[in-house]
Amino acid sequence: MAARDAYLKRSLGTLSKRIRESRVLLVGAGGIGCELLKNLLLTGFGEIHIIDLDTIDLSNLNRQFLFRQEHIKKSKALVAKEVAGKFQPNAKLEAYHANIKDSQFTVDWFAKFDIVFNALDNLDARRHVNRMCLAANVPLVESGTTGFNGQVQVIKKGQTECYDCNPKEVPKSFPVCTIRSTPSQPIHCIVWAKSYLFPELFGTSETDAEADGLDHSEDAENAEEIENLRREAQALKAIRASMGSDDFAEKVFTKVFKEDIERLRGMEDMWKTRKPPEPLDYGTLQEKASAIDPTVSQNDQKIWTLEEDFVVFKDRSDTRMPYEDKRLKSLQESNTGEVEPILTFDKDDVDTLDFVAASANLRSTIFGIEPKSKFDIKQMAGNIIPAIATTNAMTAGLCVLQAFKVLKDDYSRAKMVFLERSGVRAINSDTLKPPNPNCPVCSVALGRIFVDLEHATLNDLIEDILRQQLGYGDEFSVSTDAGTIYDPDLDDNLPKKLTDLGLKAESLIRVIDEEDEEPRVNLELLVSERAKATPEDKPISLEKQIDIPKKPKQEPAAEEQVNGAALNGTTGKRKRGAEEAGLEEIQPAKRFAKAEANGDGEHPIVLDETESGAILIDD
């Protein structure tokens, strides 16, 4: 161990002490996370906190090298801590089998770290960590891979672009008429189960909000089907009220797999050139499936039979094992506010995925479409692109190299780094861009309010804080994660307590100035509960006065030609359209010119990027 420490000191110079004393947060212990944890430990990082909600699956073992067969079904974070600790026994490791969005991981908790590494596989969690790091003013090293491509991005509040400075490509949506009436591919049935049926029963009803993955534009094809969708949503809303009853599963099944299908068969013109759908009967399937064990759902590589799909569907909806019923009712019973708790689809939640997989396959059978295994449905529903171990390893190594520059506070030399495969494998990089002045996330003004949660009302926030102390006029709106709670036409909530509107400690409140002339940038207020209040204290107070600048005037984005391709004006070498995984398109790499390595015992040995920003790695 002493020899390793000596080698690190010779290689990294005085930076080795900074590394050893750093407190690091690693979000995600999957493909990139396993490699990154190993790299951090071998580089000498002294304290690492690991958080991951997921458990280890058989499909992880081919690329997440910290895990073995005996670890299947165990927590990724806890096993990663146990196994990786052997690389550096002197390091302090803390593991959390939890969701990074849980309320226990507050802005103040994030602020305790010197650097945060993102090794996540979904857009929503990436955006959450990005926002928390900005609020806590902690540097973030964001990373992601998709097939042979990878990306590493350094994010620092006020100095670089944040994750949301450039719009991400919206996941593909499908016309309602295709999803609801004429599905022809497995993905159509999966989107129906994930974005229509599941939200209608356990989440946000289609009568209240648009479902994810469905195209709601009311063109000629869609208009009639949208109206049918609304009527069916009302019917499902009535069934939803019977959740927990003995016949809940039968009511749902009969409604969506029999009655709705019979209605479609009645539209004879629709089936002149295609085979009509075949409705399913609950009683018939229940008789045929009487001997099937619901544990068949544990086999995620197998394509379940129709009867097995029925059993899994019933088991995830029925009162005998009412996963959704119990969880939703538990949330409802513990809820003290007026915002109704809901469930959301989570590809990594076994029971949620089982329900969606079984529902999608039942619908596929009805329309004569090939059903899929749960494993395949998870990848399609979660927009997952198969990972490659080598890409993960290279991306993790690049994360550590960029972290060196962060710890030296040398953001001028930090890079946006890309892996790509374009004839040859190469590392391509670009300089970090300054924050987008129109970014809805990092261009906002930030502040903190101390709230007497027992007594504070929305009117206290509007009048005492926003109007009197911060100078807002008449045209502004206030929203939370649950939606808009105030605007000039929505003042019914003013007398309500903030807790009744779903607000609690660590909630974020967003204020949007809607004045026509020179509006100010958006304001985000972090709610902190007041420890003690005296009768003289107002229910809400500002931590300190907040400077809220005016929004910059919008200028049309110019387009420029780079190698014959039109790029958005300020993007330079790369296009700005990012995929669901959060990765950006990469321009072909140029050949790396010869560069000198340095290192004298006091300074780290680094590979400097050339003007072209590319390093070539020959096969």
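Residues numbered from 1 in each chain as written. Predicted model: local features only at pLDDT ≥ 70, side-chain atom pairs only at ≥ 80, totals over all residues. Heavy atoms only, no water.

Time to look at the overall build of the chain. Of regular secondary structure, the chain possesses 17 helices and 19 strands. Taken over 619 residues, the chain has a buried fraction of 51%. Put simply, 67% of the contacts in the chain that link residues at least 6 apart link residues at least 24 apart. Counting only carbon and sulfur atoms, one obtains 48% of the accessible surface of the chain, whose full area is about 29,400 Å². (Helix = DSSP H or I, 4+ residues; strand = E, 2+ residues; numbered from the N terminus. Buried < 20%, exposed > 50% of the residue type's maximum accessible area, 1.4 Å probe, protein only. Contact = heavy atoms within 4.5 Å. Areas by Shrake-Rupley, 256 points an atom, 1.4 Å probe, with all protein chains shown as cover.)

Moving on, we come to empty space enclosed by the protein. Overall, the coordinates contain 4 cavities of 30 Å³ or more when judged by the stated rule. Roughly 40 Å³ of internal volume is contained in the second largest cavity. Contributing to the lining of the second largest cavity are Asn130, Cys133, Leu134, Asn137, Val138, Pro139, Leu140, Ile155, Lys156 and Lys157. For the lining of the second largest cavity, the element with the most residues is helix H6 (residues 123-136), which contributes 3 residues. (1 Å grid on protein atoms, 1.4 Å probe; cavity = no way out; pocket = protein on both sides within 12 Å on 5 of 7 lines; lining within 4 Å. Points joined across faces, edges and corners; volume = space filled by probe spheres on them.)

Leave glycine aside and you will find that most residues have negative phi; peptide bonds, for their part, are mostly trans. In the Ramachandran plot, aspartate 409 falls in the positive-phi region, its phi being about 60 degrees despite a non-glycine side chain. By secondary structure assignment, the location of aspartate 409 is in the loop between helix H16 (389-407) and strand S9 (415-422). Backbone geometry places glutamate 518, a non-glycine residue, at a positive phi of 50 degrees. The topology assignment puts glutamate 518 in the loop between strand S14 (508-513) and strand S15 (523-529). According to the relative accessible area criterion, glutamate 518 is exposed, its value standing at 53%.

Residues Asp474, Glu475, Asp489, Asp491, Asp492, Glu514, Glu515, Asp516, Glu517 and Glu518 make up a contiguous surface patch of negative charge. Within the secondary structure, aspartate 492 is located in the loop between strand S13 (483-486) and S14. (Patch = residues over 30% accessible without salt bridge, like charges linked within 9 Å, V, L, I, M, F, W, Y side chains within 5 Å. Salt bridge = Lys/Arg side-chain N within 4 Å of Asp/Glu carboxyl O. Lys, Arg positive; Asp, Glu negative; His and termini not counted. Charge placed at Lys NZ, Arg CZ, Asp CG, Glu CD.)

Taking burial as the measure, the 7 residues of strand S5 (residues 140-146) include 7 buried ones, the bulk of the element. Two elements, strand S4 (residues 115-118) and S5, share 3 bridges in a ladder whose sense is parallel. Pairing of asparagine 118 across the sheet is with glutamate 142, part of S5. As a crossover connection, the stretch from S4 through H6 into S5 is right-handed. What sits between the antiparallel neighbours S5 and strand S6 (residues 149-155) is a turn of 2 residues, in which glycine 147 has the positive phi angle 60 degrees. (Pairing = 2+ DSSP bridges. Right-handed = clockwise from strand over helix to strand, strands pointing away.)

Our focus in this paragraph is helix H17 (residues 458-469). Along H17, the positions that sit buried rather than exposed are Leu458, Asp460, Leu461, Ile462, Asp464, Ile465 and Leu466. Elements in contact with the buried residues of H17: strand S11 (445-451), strand S12 (476-480), S13, S14, S15 and strand S16 (540-542). Positive backbone phi, at 75 degrees, marks glycine 471, one or two positions downstream of H17.

What follows covers the packing of aromatic side chains. Applying the stated criterion across every chain, the model contains 17 aromatic pairs. Ring centres of phenylalanine 476 and tyrosine 486 lie 5.5 Å apart, and the angle between their planes is 45 degrees; this geometry places the pair in the tilted category. Here the residue phenylalanine 476 occupies a position in strand S12, and tyrosine 486 occupies one in strand S13, the gap between them amounting to 10 residues. What links up through ring pairs into an aromatic cluster is the set Trp192, Tyr196, Phe198, Phe253, Phe257, Tyr282, Phe310, Phe313 and Phe355. Its end group placed over the ring of tryptophan 192, arginine 363 keeps NZ or CZ at 4.5 Å from the ring centre. (Phe/Tyr/Trp six-rings, centres within 6.5 Å; stacked < 30°, edge-to-face > 60°. Lys NZ or Arg CZ within 6 Å of the ring centre and 35° of its normal.)

With that settled, the discussion passes to the sheet that holds S11. Pairing between sheet strands relies on hydrogen bonds along the backbone, with the strands arranged either parallel or antiparallel. Taken together, the 6 strands give an open sheet; going across it, the order is S13-S12-S14-S15-S11-S16, and neighbouring strands pair in mixed fashion. Only two strands of the sheet have a single partner each, and these edge strands are S13 and S16. Each neighbouring strand pair of the sheet contributes to a mean axis angle of 35 degrees, computed without reference to strand direction. (Axes fitted to C-alpha atoms, helices over the stretch in contact; angles between N-to-C directions.)

To continue, consider the nonpolar core. Judged by nonpolar contacts, the single largest core of 49 residues is most densely connected at Leu37, Ile48 and Phe117. Per-element accounting of this core gives the leading share, 8 residues, to H16. If we ignore the near neighbours within four places in the chain, the residues touching isoleucine 48 are Val24, Leu26, Leu37, Leu40, Leu41, Lys92, Leu93 and Glu94. Formed by 46 residues, the second largest nonpolar core is a distinct cluster that contains Val191, Trp192, Val356 and Ala357. (Core = buried A, V, L, I, M, F, W, Y, C linked by side-chain atoms within 4.5 Å.)

Tracing the backbone through its elements, the reader meets lysine 553 in the loop between S16 and strand S17 (559-562). On the basis of relative accessible area, lysine 553 is assigned to the exposed category, the value being 74%.

Attention shifts here to the confidence of the model for the chain. With 77% of its residues at a pLDDT of 70 or more, the chain has an overall mean of 80. Confidence drops under a pLDDT of 50 for residues 319-325, and excluding neighbours within four residues, the segment shows 24 contacts in the predicted structure. (pLDDT = per-residue confidence, 0-100.)

Along helix H12 (residues 306-315), 9 of the 10 residues are buried, which leaves the element largely enclosed by surrounding structure. Against helix H8 (186-202), helix H10 (248-265), helix H11 (282-288) and helix H14 (350-366) lie the buried residues of H12.

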